[in-house]
Amino acid sequence: MTASAPPRASDRRTAREGTPRAPRRPGRAGAATVLLLLAALLAPVSLAGVWARDQLTDTGRYVTAVAPLARDRTIQNAIVDDVTTGVMGHVRLDGLLSAIPRPQRPALRERFTRGLREFVDKQVRQVVTGPSFPAVWQQVHRTAHQELDATLGASGDAPVRLDVAPVIERVKHQLSANGLGIDIARRVPHTGTEIVLLSAADVPRARTAYETVRTTARAAPPAAALCLAAGLLLARRRRRALTATALLGAAATAALAAALAPARTRALDALPHAVPRPAAAAYTDALTASLHTGLTGLLCGALATAALAAASGPVARAVRGALGKRRGAV
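For the structure given in this document, a descriptive report is provided here.

Each value, and the rule that gives it
- Residues numbered from 1 in each chain as written.
- Predicted model: local features only at pLDDT ≥ 70, side-chain atom pairs only at ≥ 80, totals over all residues.
- Heavy atoms only, no water.
- Helix = DSSP H or I, 4+ residues; strand = E, 2+ residues; numbered from the N terminus.
- Expected span 1.5 Å × (residues − 1).
- Bend = angle between axes of the 7 residues up to and from the residue.
- Core = buried A, V, L, I, M, F, W, Y, C linked by side-chain atoms within 4.5 Å.
- Buried < 20%, exposed > 50% of the residue type's maximum accessible area, 1.4 Å probe, protein only.
- Contact = heavy atoms within 4.5 Å.

### Re helix α10 (residues 203-234)
Given a rise of 1.5 Å per residue, 32 residues ought to cover 46 Å, and the 45 Å separating the end C-alpha atoms of α10 matches this to within 8%. Roughly 30° is the biggest bend found in α10, and it falls at A219, with proline P221 one to four residues downstream.

Set out below in structure tokens:
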């Protein structure tokens, strides 16, 4: 009895050509393309929505993001200038200059004001650069963020303010410890200084953005996952579909990351001239640091997925070829 020879490659090719292929369904392919495209576009949108929701609604995350700014030199300089200006607004030199001849008062007033401002600036800087200031900084921002969250989640139009009263109290204590500043400390009111973060006229527009962010953060991630799963199920060649989707997601993520720089520039240019540009830039960078990190991770993950999916094809063909040769030898 003779053993039968293994089938030749030409015989296998003829058998495959003789096997009828399943008819293509254009509607199924189109639906898969649309779903996978949506999944690729929704991935960076989901990340941005979750980041914005965390910054707006999670006080702990917000305070953690801005806590390092207490040691930032540009932030410290801005606080020193603002607090010094607020304190100097309560200084009166009329009684001191009453004994000076009237023609000499303008020059002496300017000299006294400059000297007092330098003195107050030094005292405020000692407070801002002191070891206890980070705790005060976090307390001020925790209170402001809780007020912001309560205002945007309610129905009123009350403005949102950053109350730096704890900083003022520390400055008053520092001035009182120095004999020259006792009179200045007495003149500064206990209410402190309030910086308007969100005016009453801007609250309705901010509330709309707030609701949009919350809705996006809730709906976009599961929608992206469902579109990806459904698109891969409908796709005929899933490995190629996954590779293309990952590359599209990487492109969308890179586009969003590239758009952050001009958006940052426009946001800083829209600020009032009274807001120091370096301090606002440091504040913006601190808040968006986690977004940049997330986008970088998403981009690397999408590229890695595309590379693995593309490489799995040749590897699978090589494994099938080795197994086929082994069966033929057997």
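### Side note on the nonpolar core
In terms of nonpolar packing, the biggest core is built from 32 residues, with V83, W137 and V171 touching the most fellow members. Residue assignment for this core shows that the elements contributing at least two residues are α3 (59-66), α4 (73-88), α6 (105-128), α7 (133-153), α8 (165-177) and α12 (277-329). Looking at this core, the element that brings in the most residues is α4, giving 7 residues. Apart from the residues within four sequence positions on either side, V83 is in contact with V124, V167, I168 and V171.

### Some thoughts on α4
Structurally, the α-helix is built with 3.6 residues per turn, so residues lying three or four positions apart point the same way. Compared with the 22 Å implied by 1.5 Å per residue over 16 residues, the 22 Å span of α4 between its first and last C-alpha is a close match. Regarding α4, the residues found buried are I75, Q76, A78, I79, V80, V83, T84, V87 and M88.

### Notes on the side chain of T253
Relative to the elements of secondary structure, T253 occurs in helix α11 (residues 238-269). Filtering out sequence-adjacent residues up to four positions away, T253 remains in contact with P44, L295, L298 and L299.

Coordinates in, geometry out; function isn't part of it.
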